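# Observations on the three-dimensional arrangement
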Amino acid sequence: MLKFVFTKTARYPGLEVEHYQILRNLRTLLVNLKYRGPIMTFLGLAANFCARAKIPLLQEYRFNKQNLRESGLDTDGIVETAVMDIPDEVRASACRYEAASDYEFRHVLERLHVDYPAYHFVDYGSGKGAILAAAARYPFKSVTGVEISGALHQTAMRNIAEMKQRHMIRAGALTSVHGDAASYSLPNAPHVIYVYNSFGPEVLQKVLDRISEDLRDIEEPVYFLYNNPMHHNVLEKSQEFHRMSKSFGGKWLVFIRLSNSDILRKTG
Ligand SMILES: C[S@@+](CC[C@H](N)C(=O)[O-])C[C@H]1O[C@@H](n2cnc3c(N)ncnc32)[C@H](O)[C@@H]1O
């Protein structure tokens with residue numbers, strides 16, 4: 001037990017962020033308390049206990065089920081790439097669908113203190129739209145998801161319609177686009193970018209190149225939130241993006257692209 005609690009883990013190849021299991025668990029607890037409140041957090045703890053004891057009770061309250069029960073949206077499940085309706089040439093680089101925790105996402109986003117109305121938000125590989133739903137709670141200029149699977153995109157569209165009907169949206173616009181992240185163009189405006197390990201390094205590089213090209217005249221900082229950063233090296237070696245020194249937790253890295261004038265100021 002003590003060994004489990006005090007074991008250090010470094011999950012990603014070449015990433016020197018190590019963290020203790022106990023710190024990860026504490027963080028999950030705090031994030032759940034912040035966004036779910038004490039009752040749901042207590043149910044989450046009870047559910048985790050039941051799972052460990054192999055008692056089939058309360059499983060829909062488990063922390064890794066995010067807020068599926070609370071939001072009522074259809075974002076659940078895992079869809080493997082082998083059964084996805086995607087072109088064969090992108091299948092090898094694509095990662096399976098699985099929704100991220102919207103509580104963790106909100107915790108990271110809020111720590112950036114972004115001026116939401118001045119920013120667009122884009123999720124590359126948005127799946128059924130779990131994080132689109134979370135981002136749309138903030139008054140971004142727009143929230144857009146780009147998803148390669150037509151079936152997942154259709155589910156996202158149904159979720160968006162449901163959110164509109166239930167007045168769950170604070171963002172200026174909310175939409176899911178069916179297409180390849182590598183060929184998606186951004187409007188020439190400040191952006192918060194989000195990726196949950198959606199694809200391999202080649203596609204990630206193409207996405208970064210497009211961001212550089214499309215946002216080259218933007219003066220405001222551009223943020224890149226990388227959840228489960230399996231290919232963090234692509235960003236580490238980029239000339240433009242720099243890893244923020246603030247720690248966001250073991251599964252998250254946040255990169256920032258400074259404006260041209262800030263870069264000039266820094267380099268003297
Ligand atoms: C791990 S899921 C992330 C889902 C969502 N962003 C979240 O955080 O809950 C990765 C998604 O990326 C999509 N994807 C993979 N390659 C893609 C590409 N080239 N263009 C757009 N979407 C892609 C997959 O279909 C899958 O839905």
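Residues numbered from 1 in each chain as written. Predicted model: local features only at pLDDT ≥ 70, side-chain atom pairs only at ≥ 80, totals over all residues. Heavy atoms only, no water.

Take unusual backbone geometry next. Notably, Lys54 is not glycine yet its phi reads approximately 60 degrees, a positive angle. Within the secondary structure, Lys54 is located in the loop between α2 (21-52) and α3 (68-71). The exposure class of Lys54 is exposed, given its relative accessible area of 75%. Unlike most non-glycine residues, Leu58 shows phi in positive territory, near 60 degrees. In this fold, Leu58 is placed in the loop between α2 and α3. (Helix = DSSP H or I, 4+ residues; strand = E, 2+ residues; numbered from the N terminus. Buried < 20%, exposed > 50% of the residue type's maximum accessible area, 1.4 Å probe, protein only.)

Our next topic: the layout of surface pockets. Picture a little ball the size of a water molecule; that probe, rolled over the atoms, points out where space is still empty. In this structure, the second largest pocket occupies an estimated 440 Å³ of space. Going through the elements one at a time, β4 (97-98), α6 (130-135), β6 (142-147) and β8 (191-196) are the ones with two or more residues in the lining of the second largest pocket. When grouped by side-chain class, the residues that make up the lining of the second largest pocket number 17 nonpolar, eight polar and five charged. (1 Å grid on protein atoms, 1.4 Å probe; cavity = no way out; pocket = protein on both sides within 12 Å on 5 of 7 lines; lining within 4 Å. Points joined across faces, edges and corners; volume = space filled by probe spheres on them. Nonpolar A, V, L, I, M, F, W, Y, C, P; charged D, E, K, R; others polar.)

A word on the site of the ligand. As a structural note, the neighbourhood of the ligand is formed by 24 residues, with Ala100, Asp123, Gly125, Glu147 and Tyr194 the closest of them. The backbone of Gly125 places a nitrogen or oxygen atom 2.7 Å from a nitrogen atom of the ligand. Between Asp180 and the ligand, the recorded distance is 2.9 Å, taken from a side-chain N or O atom to a nitrogen atom. For the ligand, whose unbound accessible area comes to 610 Å², protein coverage reaches 98%. Spatially, the ligand is embedded in the second largest pocket. (Near = heavy atom within 4 Å. Polar contact = N/O pair within 3.5 Å; in protein donor to acceptor, adjacent residues only side chain to side chain. Areas by Shrake-Rupley, 256 points an atom, 1.4 Å probe, with all protein chains shown as cover. Sits in = over half its atoms within 2 Å of the grid points.)

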